[in-house]
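Chains, contacts and geometry: an overview
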Amino acid sequence: MEKRNAARKALFLFGAFGKTVMTGGGLLSLAAVMFCGVVAAAPLTGSRTVLDGGWQLQTANSPDTLPDEGAWEAVGEGLWPSQKYRKGSPHNVWYKRVISVPAAWEDGRVLLDFHRIDGDAIIFCNGERVGELLRPGGEFELTEAVTFGTDNDLTVFVTRNYTGVSRGFEDDPLRYIIRGPEARRPLPVEKWPLGITAPVELVWRPAPAAIAGVLVRTSWREKELAVDADIESTKPVSGVRLEIRVADEGGKEVLVATGGKFDLPSGLSVQTVRSEWKDPIPWELGAPYLYTVSVRLLDGKGTLDELPGQRFGFREIWTEGRHVYLNGHVSRWRMETFGGISKNSLSLLRLLGRNVFLRQNNPTGFWSSWSDIPYYGTIPDLFDKEGFGLLMPALNVSLVRDAILRHDRARADYEREMRLWVRRYRNHPSILAWCVTMNDMGDRAAIHPATIGQRTDYGVYLQAQVVEKAMETVRANDPTRLVFSHSGGNFTDIAASNTYPNWAPFQEVADWAERWAERGDMPWMPAEWGICGDYDWFKGGRFFGTEFAAIYFGDEAYAEESRELLAKTVELSVAGRPTLSDGRGKEVWKHFPMYWKIHDLFATYCDRAFRTWGVLAWQHWNFPTGYGDPPEFKGPRPYSRYVAMTEPVTEKPEWANPFFDIYGRHMQPLLAYIGGSPTHTDQTSAYFTGEEVEKQAVIVWDGPADRTFDMQWKLRGDGNADIEGAEKGISMQAGDVRFLPIKFIAPEVND
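Here's what I pulled together on the structure shown here.

Quick look at the overall build of the chain
Of the regular secondary structure elements, the chain holds 17 helices and 38 strands. When the backbone C-alpha atoms are referred to their principal axes, the chain occupies close to 115 × 60 × 55 Å. Contacts in the chain between residues at least 24 apart in sequence constitute 73% of all its contacts with a sequence separation of at least 6. Counting only carbon and sulfur atoms, one obtains 50% of the accessible surface of the chain, whose full area is about 32,700 Å².

Here it is as structure tokens:
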């Protein structure tokens, strides 16, 4: 009987996963052949399968009322409910699909991993309620509910208004504080997001112990690789050890290390393997290199589990004084914030000289109307491969504020959701820093030129304590990256301010970072930096473009004032100052050529000076106008205009506006120009014949490797011999800034 049962089981498995093979030995021989095949194919390692396609949904009232089998509709690409379900009424939806669970999984654990749920979920399997999964998602165990070796019916009830789940709105403090009746801007339930809004994976892990995930930590300074393995055990296991095997991009094994023996308790534990690594190829901005590590959990008999193919880059990032260091050299970021992220949009940013993207951590992105949490999918994979840096949002405490200090449930939920968030993205080398707030701690010290980037004690400020708690929570899950607060003052790892000099004299703009370069003790990054934005051309709601331009261009500004602009001035003034995203800024420059000249002058003053002073990064606030609209973009709101691009670009596109050159010219990896002396921002330009002229060639190299340059300069004048000089063999490391003196006697001139 046992043989017949084994034969039937093997027959089913082989029929499900392989081809049927007939032999002359009858059923028993056939079963034996199939059973051997199944045993050979039985998994020794865990697996993850994306449940893509096959989903259906319908509206719901209650998890106690079964769905109408005649009302299911297919889910299109992704798992979003149709727009009529996502906004408005009803507030609950059903999802269903079939999942196949192999018989070979019977000795292990079966789980679902929901990358994001907008709403709380109740999971049903084969018609039975299994349990609930609270937003924003994560793993849910199905082991006791599934039938192995066959298809299983999976049904998920998702509710945004807490129907049928174990908690009410007030029991979900992170969302209640932001959406509830006492919030700054109460959000009606109709505007809460709803649905399974990111991939779902079917996960199998072997018993009694499995590797649930890893954090790869690399140290450039110590030349060390450390792998922290999250190990889940169904019971205590003695005498196990971890082995790591690292392969290069070509698949060649370059490092093998095995840790010492240890005993596993039941539940989750973290075990670490370390190894010296003398000659890794670093992952760099502009020069990515990706390794793959496989992690095996071994006992005296063999392999308990293996986690294959975790990709990582060998890189270490830290701060010393006013600089950020990446793999032993100063790292400066040519940053962009706007336009959206895609492979095609990255090609545009490359042409603009950018190497880092700041994904703004807008408070609306967490627990508000956009989503319960953001989801970035494969974007970090793209940045890893392209060698592009990413400044990544972490759970934003700008609106939650001190609840995570005084409210036990809020703090526990914040810590739980932060673990889920960081775990999802923690092995991407492109993620250089986490941002935990936006626009809630900016103060004069972080903006004023005399004090920017000088650490300030904010201990008496409650929100500073909140930011410190958020930093602590991030670092508990990921100690390998920097943490900062967008417009958060002179603390955290980076002083990331919002600084708008507006119509300050451009010489002052160029010298804004001078005191910081002398006294700064932390990196300074104006996450928002701008002058003469589209709204700056207005005063009291009236358009004064020509008057502002005349500050720098005098009579030329009035000469360029066309009749069309004069007529448009009235219309613009009646309409009032444009907002950041309403598109009316475009109406300014269509009739106002000085618009581009002012920006060009500002960019020349600012970008050269800031890169020479060593400012970490800055974002020109040219959001409304951008670098031009690709033809695929239909607008009107320009938040993600470049995601609309259907092809990459390899040269300046025809649709680009002058900002492409203005804000790209000085932001390439190599910057070289003639600066003043003794300070590079000195603008002295008038000399008498016979007077000694002192200038300096300024060379800034922010590329990914050591380079050697030759420099030549030449002064040409009417009726005079050229004055020239040169220097060869200028060796520069990534992050270097060089000053090469230029001296000569001013020649005689005819006029």
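Having put the structure on the table, let's press on.
Here's the deal with the sheet that holds strand S22 (residues 323-326)
As summarised here, the arrangement of the three strands in space is S21-S22-S23, forming an open sheet in which the pairing is antiparallel. Looking at the sheet topology across the chains shown, the edges are occupied by strand S21 (317-320) and strand S23 (329-330). By the bridge criterion, four bridges tie S21 to S22 in an arrangement that is antiparallel. The residue of S22 that forms the bridge with Trp 318 is Tyr 325.

Quick word on the pattern of salt bridges
Counting across every chain of the model gives 43 salt bridges. For the salt bridge of Glu 243 with Arg 245, the shortest nitrogen-to-oxygen distance reads 3.0 Å. Residue classification places Glu 243 among the buried residues on the basis of a relative accessible area of 9%. The exposure class assigned to Arg 245 is partly exposed, which follows from its relative accessible area of 30%. One connected set of salt bridges, linked through shared partners, spans Arg 48, Arg 109, Asp 113, Glu 139, Glu 141, Glu 201, Arg 205, Glu 232 and Arg 424.

Description of helix H12 (residues 545-553)
Owing to its 3.6 residues per turn, the α-helix aligns residues three or four sequence positions apart on the same side. Regarding H12, the residues found buried are Gly 545, Thr 546, Phe 548, Ala 549 and Ala 550. Those residues of H12 that are buried lie in contact with strand S32 (538-539), strand S33 (542-543), helix H13 (555-559), helix H14 (563-575) and helix H16 (594-613). Just downstream of H12, Gly 554 is the residue with a positive phi angle, here 55 degrees.

A closer look at the nonpolar core
Core analysis: the largest hydrophobic core is formed by 91 residues, its most contacted members being Trp 421, Trp 524 and Trp 537. Broken down by element, the residue count for this core peaks at 10 residues, all from H16. Residues Leu 51, Ile 99, Leu 142 and Trp 204 belong to the second largest nonpolar core, which totals 29 residues.

Looking at the packing of aromatic side chains
Tallied over the full model, the rule gives 48 aromatic pairs. Look at Tyr 500 and Trp 621: their rings are 6.2 Å apart centre to centre, the planes differ by 75 degrees, and that puts the pair in the edge-to-face class. On the criterion of sequence distance, the pair formed by Tyr 500 in the loop between strand S30 (498-499) and helix H10 (506-510) and Trp 621 in the loop between H16 and helix H17 (659-662) is long-range, its members being 121 residues apart. Relative accessible area serves as the criterion here: at 29%, Tyr 500 is assigned to the partly exposed category. With a centroid separation of 5.5 Å and an interplanar angle of 65 degrees, the aromatic rings of Trp 701 and Phe 709 are classed as edge-to-face. Residue classification places Phe 709 among the buried positions, given a relative accessible area of 11%. Just above the ring of Trp 318 sits the side chain of Arg 221; from NZ or CZ to the centre is 3.9 Å. The cationic tip of Arg 322 hangs over the ring face of Trp 516; the distance from NZ or CZ to the ring centre is 4.8 Å.

The rules we used
Residues numbered from 1 in each chain as written. Predicted model: local features only at pLDDT ≥ 70, side-chain atom pairs only at ≥ 80, totals over all residues. Heavy atoms only, no water. Helix = DSSP H or I, 4+ residues; strand = E, 2+ residues; numbered from the N terminus. Contact = heavy atoms within 4.5 Å. Areas by Shrake-Rupley, 256 points an atom, 1.4 Å probe, with all protein chains shown as cover. Pairing = 2+ DSSP bridges. Salt bridge = Lys/Arg side-chain N within 4 Å of Asp/Glu carboxyl O. Buried < 20%, exposed > 50% of the residue type's maximum accessible area, 1.4 Å probe, protein only. Core = buried A, V, L, I, M, F, W, Y, C linked by side-chain atoms within 4.5 Å. Phe/Tyr/Trp six-rings, centres within 6.5 Å; stacked < 30°, edge-to-face > 60°. Lys NZ or Arg CZ within 6 Å of the ring centre and 35° of its normal.

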